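Survey of secondary and tertiary structure
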Amino acid sequence: MVVRTPEQMAAFYEGREFPANAVQAVQQACFITFVVTNKQEKQSLLLEPASWRFLDQEGKIVKPLGRPYWDAVWQRLDIPLANRATFRWTQLPEQRNLFPGESVGGNVSIAPVKGSLKLTAYFRVGDMRDRISVSIEGLQCDE
C-alpha cells in the first residue's frame, strides 16, 4: 500500500495524455495504491473494497470516491471515453475472487482529510462464510 501525492497522480495521468481539467480533478483526491495477494494455501479470497472502512482520527467514516463519483466528474468535464477507460483500469476492482497465490493491484481514492486515517480491509475466504480483516493505521491523506 502506498499513498500517492497529487504530483505523482498528475504525472501519471499527464503521461497518458489526460486533458488538463481531468488531471486537476485527480489532484483534488487522495489516491492510495494497493496490491493484494492471496497468501491462503487452499482457499480463495474475495476482494470487495466497498466493504473496507476508512476512519478519520475522530473515528468518522471517510467514504471512498467510487466509480459513480468519478463517472459523474468525467461526464461533467466531458472527458473522452478513452481516458475514462484508462482511469477505470487503474482502479482497484470493485470485486475480484483471488485464487491462492494470485495478486491484483490498483487505486482507491478518497477525499483528503486532516490527520491520520485507519483502514480496516475485510475479505471473505473459502466458501465466503468466513471473513478476515487487516487494519492499517497512520495513513496520511492531508487536505
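Owing to the predicted nature of the structure, the values given are computational and were not obtained by experimental measurement.

At a closest axis distance of 10 Å, the pairing of helix H2 (residues 20-27) and helix H3 (residues 67-77) adopts a crossing angle of 150 degrees. In terms of their interaxial angle, H2 and H3 are classed as roughly antiparallel. For the crossing formed where H2 meets H3, the hand is right-handed. Listed contacts from H3 to Asn21, Ala22, Ala25 and Val26 of H2 are Trp70, Val73, Trp74 and Leu77. Per-class residue counts for the contact of H2 with H3 are seven nonpolar, one polar and no charged.

Right, let's talk about the confidence of the model for the protein chain for a bit. Scored by pLDDT, the protein chain has a mean of 94; 99% of the residues are at 70 or more. Across the protein chain, the secondary-structure element scoring lowest on mean pLDDT is strand E9 (residues 130-140), at 91, and the one scoring highest is H2, at 98.

Inspection of the entire model under this criterion finds 11 aromatic pairs. When the centroid spacing of 4.9 Å and the interplanar angle of 85 degrees are considered together, the rings of Phe12 and Tyr13 count as edge-to-face. Judged by relative accessible area, Tyr13 falls into the buried class, the value being 0%. Both rings, one in Tyr13 and one in Phe18, keep their centres 4.8 Å apart while their planes meet at 55 degrees; by these two values the pair is tilted.

Scoring rules and cut-offs
- Residues numbered from 1 in each chain as written.
- Predicted model: local features only at pLDDT ≥ 70, side-chain atom pairs only at ≥ 80, totals over all residues.
- Heavy atoms only, no water.
- Axes fitted to C-alpha atoms, helices over the stretch in contact; angles between N-to-C directions.
- Helix = DSSP H or I, 4+ residues; strand = E, 2+ residues; numbered from the N terminus.
- Parallel < 35°, antiparallel > 145°, perpendicular 65-115°, else oblique.
- Left-handed = near helix turned anticlockwise from the far one by under 90°.
- Contact = heavy atoms within 4.5 Å.
- Nonpolar A, V, L, I, M, F, W, Y, C, P; charged D, E, K, R; others polar.
- pLDDT = per-residue confidence, 0-100.
- Phe/Tyr/Trp six-rings, centres within 6.5 Å; stacked < 30°, edge-to-face > 60°.
- Buried < 20%, exposed > 50% of the residue type's maximum accessible area, 1.4 Å probe, protein only.

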